[in-house]
Amino acid sequence: MIPPAKWTCRNHCPYCFVSLHLDDKIPGDRKSNCKWKMFPIEYIIANWGIKITFKCEKCGHIHKNKSAEDDDIIKLDEIAKKYKELLS
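Residues numbered from 1 in each chain as written. Predicted model: local features only at pLDDT ≥ 70, side-chain atom pairs only at ≥ 80, totals over all residues. Heavy atoms only, no water.

## Some remarks on the overall build of the chain
Next up, step 1: Broken down by element type, the chain carries one helix and four strands.
Next up, step 2: Secondary structure of the chain in N-to-C order comes out as β-β-β-β-α.
Next up, step 3: The C-alpha radius of gyration computed for the chain amounts to 12 Å, which stays within 12% of the reference 12 Å derived for 88 residues, consistent with globular compactness.
Next up, step 4: Overall, the C-alpha framework of the chain stretches about 30 × 30 × 25 Å when taken along its three principal axes.
Next up, step 5: Expressed as a percentage of the 88 residues in the chain, the buried residues total 36%.
Next up, step 6: Contacts in the chain between residues at least 24 apart in sequence constitute 43% of all its contacts with a sequence separation of at least 6. (Helix = DSSP H or I, 4+ residues; strand = E, 2+ residues; numbered from the N terminus. Rg over C-alpha atoms; globule rule 2.2 N^0.38 Å. Buried < 20%, exposed > 50% of the residue type's maximum accessible area, 1.4 Å probe, protein only. Contact = heavy atoms within 4.5 Å.)

Written as structure tokens, this is what we have:
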């Protein structure tokens, strides 16, 4: 069970950071035909927070999303490196 984020929309698990490929061209449109797992492959830290880049395991689609306040950020670096290697 994934709790809702307090200040933003959550599109990923706050513990393992896995997401689902639900959106197509517009965030929230839920028009993707893929519906497969998306994994974090990198992230950037800026003044406004952390933005995570996800890659779909099935079709290769790339999507970016902000981290949520309660994400387990300490694990993100290790998880992103692991999936980037597996998906390249």
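## Quick notes on helix α1 (residues 73-86)
Next up, step 1: If you check α1, its first and last C-alpha atoms are 20 Å apart, about what 14 residues at 1.5 Å a residue would give, namely 20 Å.
Next up, step 2: Along α1, the residues classified as buried are Leu76, Ile79, Ala80 and Tyr83.
Next up, step 3: On the buried face of α1, the contacting elements are β2 (37-46) and β3 (49-56). (Expected span 1.5 Å × (residues − 1).)

## So, unusual backbone geometry
Next up, step 1: Residues other than glycine seldom take positive phi values, yet Phe17 does so here, at roughly 70 degrees.
Next up, step 2: Structurally, Phe17 can be placed in the segment before β1 (19-20).
Next up, step 3: The phi torsion at Arg30 lies on the positive side, around 55 degrees, for a residue other than glycine.
Next up, step 4: Examined against the element boundaries, Arg30 turns out to sit in the loop between β1 and β2.

## Let's talk about the sheet that holds β2
Next up, step 1: The antiparallel open sheet is built from four strands, whose spatial order is β1-β2-β3-β4. The open sheet terminates on both sides in strands that have one partner only, identified here as β1 and β4 (62-66).
Next up, step 2: When β3 meets β4, the two strands line up antiparallel, connected through five bridges. By the bridge assignment, Lys51 is partnered in β4 with Lys66.
Next up, step 3: Sheet strands in contact with α1 are β2 and β3, and its direction is about 125 degrees off that of β2. (Pairing = 2+ DSSP bridges. Axes fitted to C-alpha atoms, helices over the stretch in contact; angles between N-to-C directions.)

## Focus: the nonpolar core
Next up, step 1: One finds Phe17, Phe39, Ile52, Leu76 and Tyr83 to be the most contacted residues of the largest nonpolar core, which totals 14 residues.
Next up, step 2: Secondary structure elements with two or more residues in this core: β2, β3 and α1.
Next up, step 3: Broken down by element, this core gets its largest block of residues, four residues, from β3.
Next up, step 4: The contacts of Phe17, once residues within four sequence positions are left out, are His12, Met38, Pro40, Ile52, Phe54, Asp71, Asp72, Ile73, Leu76 and Ile79. (Core = buried A, V, L, I, M, F, W, Y, C linked by side-chain atoms within 4.5 Å.)

## Describing the side chain of Asp29
Next up, step 1: Relative to the helices and strands, Asp29 resides in the loop between β1 and β2.
Next up, step 2: There is no salt bridge for the buried Asp29, and the closest opposite charge comes from Lys31, which lies 5.8 Å off by N-O distance. (Lys, Arg positive; Asp, Glu negative; His and termini not counted. Salt bridge = Lys/Arg side-chain N within 4 Å of Asp/Glu carboxyl O.)

Nothing here speaks to function; it is geometry throughout.
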